[in-house]
Amino acid sequence: MNAYGDQDKAWFHSQFMSLSTRKTGFEWQAFVNDLMHSVHPGEFVAVDPGGRGDKGCDGWVGGLMLACYGATNPNQRYVTKKVESDFTTALKYWGDSMDRWAFVHNNANGLPEMAARAVIELRRRQRGSVRIEVWPPQVLWNYCVFLPREHLATIIGYPPSEHPAGMSYIARCVESLARTRLQPGLDPVPEVAFGKIEHNGFGPEVTELIKRFQIHTGHVRYYFRFASPGEQAQVSENLQARFAGHRARYESSDAVFHALCDDLIAEAFGKEGFPDATQQRSAALMVVTHFFENCEIFKAPEARGHAASF
């Protein structure tokens with residue numbers, strides 16, 4: 001068993017579910033393969049889809065055949081056809097090596113109705129021969145949650161430090177957001193409305209992370225106290241633009257929150273001389289949480305009978 005702290009547990013699980021939403025196509029297949037390689041080192045066989053194709057096999061281990069499907073907004077008829085064709089192809093080319101077949105998809109809400117019926121029909125037809133399984137992100141998480149902390153961190157990313165990030169890390173995050181020139185004539189940024197966390201429908205784990213990092217956002221305010229004039233407004237504008245882009249792609253507030261943090265880490269640190277990955281994560285969380293509190297990223301609840309803006 002892993003001796004994770006509460007903060008690590010909240011971050012690892014919510015980041016995993018967020019990545020499941022955000023990774024599609026071959027990115028999703030590569031993500032699944034990385035996890036399976038870690039769970040079954042030296043045993044899991046990934047099949048390169050190049051050349052003559054994978055013949056319905058995205059990965060195999062111990063009689064278990066995987067078919068990976070990741071989509072942002074899955075089309076019901078397409079998913080149904082993919083379930084049926086992937087299984088039929090795998091059975092044709094790999095049947096002698098296939099005891100179990102798992103459709104590994106990235107929709108935590110489940111399969112579309114037609115696709116679910118297709119799975120049930122496959123199970124009816126294959127009763128007693130091949131076991132048909134469906135792996136949404138929840139099942140994939142349960143399959144790999146026991147991995148050592150370092151293995152999970154290598155694939156999912158490092159969780160934040162239990163302590164506030166150093167000022168150099170905060171500065172790097174802010175500077176990466178301040179690179180675009182400020183547009184003139186911006187309205188003042190309003191204070192966060194009461195009940196904003198609940199109004200956005202964050203999951204319990206991201207809610208816990210936001211509340212934990214709210215107590216550290218004074219460090220970000222301290223940075224801006226000595227920053228150049230207009231820098232906070234400039235950073236706010238750029239973060240809002242990034243938020244709008246992610247909000248247009250993802251329905252989940254958790255996914256948007258984690259995507260903002262991931263973008264900030266990639267842009268601020270890359271592979272340069274900031275070696276502490278947990279400090280990088282803490283700094284990104286502190287900066288995003290600061291602007292969650294103090295500007296209009298994420299929805300604000302209605303106030304005094306009027307709908308708040310985004």
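Up top is the structure these notes are about.
For the structure given in this document, a descriptive report is provided here. (Residues numbered from 1 in each chain as written. Predicted model: local features only at pLDDT ≥ 70, side-chain atom pairs only at ≥ 80, totals over all residues. Heavy atoms only, no water.)

### A word on the pattern of salt bridges
Phase 1 of the analysis: Taken as a whole and assessed by the stated rule, the structure comprises 12 salt bridges.
Phase 2 of the analysis: Of the charged contacts in the structure, one is a salt bridge between Glu133 and Arg100, with a shortest N-O distance of 2.7 Å. Remark: Arg100 occurs in strand β3 (residues 100-105) and Glu133 occurs in strand β4 (residues 131-135); sequence separation between them is 33 residues.
Phase 3 of the analysis: In this structure Arg100 comes out as partly exposed when scored by relative accessible area, which is 28%.
Phase 4 of the analysis: For Glu133, a relative accessible area of 9% puts it in the buried group.
Phase 5 of the analysis: Sharing partners across several salt bridges, the network here consists of Asp8, Arg149 and Glu150. (Salt bridge = Lys/Arg side-chain N within 4 Å of Asp/Glu carboxyl O. Helix = DSSP H or I, 4+ residues; strand = E, 2+ residues; numbered from the N terminus. Buried < 20%, exposed > 50% of the residue type's maximum accessible area, 1.4 Å probe, protein only.)

### Quick notes on the nonpolar core
Phase 1 of the analysis: Ile170, Phe257, Val287, Ile297 and Phe298 are the most contacted members of the largest nonpolar core, which totals 42 residues.
Phase 2 of the analysis: Sorting the residues of this core by element identifies α7 (167-177), α9 (204-214), α10 (218-225), α11 (231-249), α12 (253-268) and α13 (277-294) as the ones contributing at least two each.
Phase 3 of the analysis: The element that contributes the greatest number of residues to this core is α12, accounting for 9 residues.
Phase 4 of the analysis: Beyond its immediate stretch of four places on either side in the chain, Ile170 contacts Ala165, His219, Val220, Tyr223, Ala283, Met286 and Val287.
Phase 5 of the analysis: The next biggest cluster of nonpolar side chains, apart from the first, holds 30 residues, and it includes Tyr4, Phe12, Met17 and Phe31. (Core = buried A, V, L, I, M, F, W, Y, C linked by side-chain atoms within 4.5 Å. Contact = heavy atoms within 4.5 Å.)

### A closer look at empty space enclosed by the protein
Phase 1 of the analysis: In total, this model carries 2 cavities of 30 Å³ or more according to the counting rule given.
Phase 2 of the analysis: For the largest cavity, the calculated volume is near 40 Å³.
Phase 3 of the analysis: Contributing to the lining of the largest cavity are Tyr69, Pro74, Val79, His105, Asn106, Asn107, Gly110, Leu111 and Pro112.
Phase 4 of the analysis: Looking at the lining of the largest cavity residue by residue, the class counts come to 5 nonpolar, 4 polar and no charged.
Phase 5 of the analysis: Looking at the second largest cavity, the residues that line it are Leu177, Leu239, Arg242, Leu260, Asp263, Leu264 and Glu267.
Phase 6 of the analysis: Secondary structure elements with two or more residues in the lining of the second largest cavity: α11 and α12. (1 Å grid on protein atoms, 1.4 Å probe; cavity = no way out; pocket = protein on both sides within 12 Å on 5 of 7 lines; lining within 4 Å. Points joined across faces, edges and corners; volume = space filled by probe spheres on them. Nonpolar A, V, L, I, M, F, W, Y, C, P; charged D, E, K, R; others polar.)

### Here's the deal with the layout of surface pockets
Take a probe with the size of a water molecule and roll it over the atoms, and the empty space left behind shows itself.
Phase 1 of the analysis: Size it by volume and the largest pocket reaches roughly 640 Å³.
Phase 2 of the analysis: What lines the largest pocket is a set of 28 residues, among which Thr21, Asn107, Ala108, Asn109 and Ser252 lie closest to the centre.
Phase 3 of the analysis: Mapped by element, the contributors of at least two residues to the lining of the largest pocket are α1 (6-22), α9, α11 and α12.
Phase 4 of the analysis: Here the element with the most residues in the lining of the largest pocket is α1; it accounts for 5 residues.

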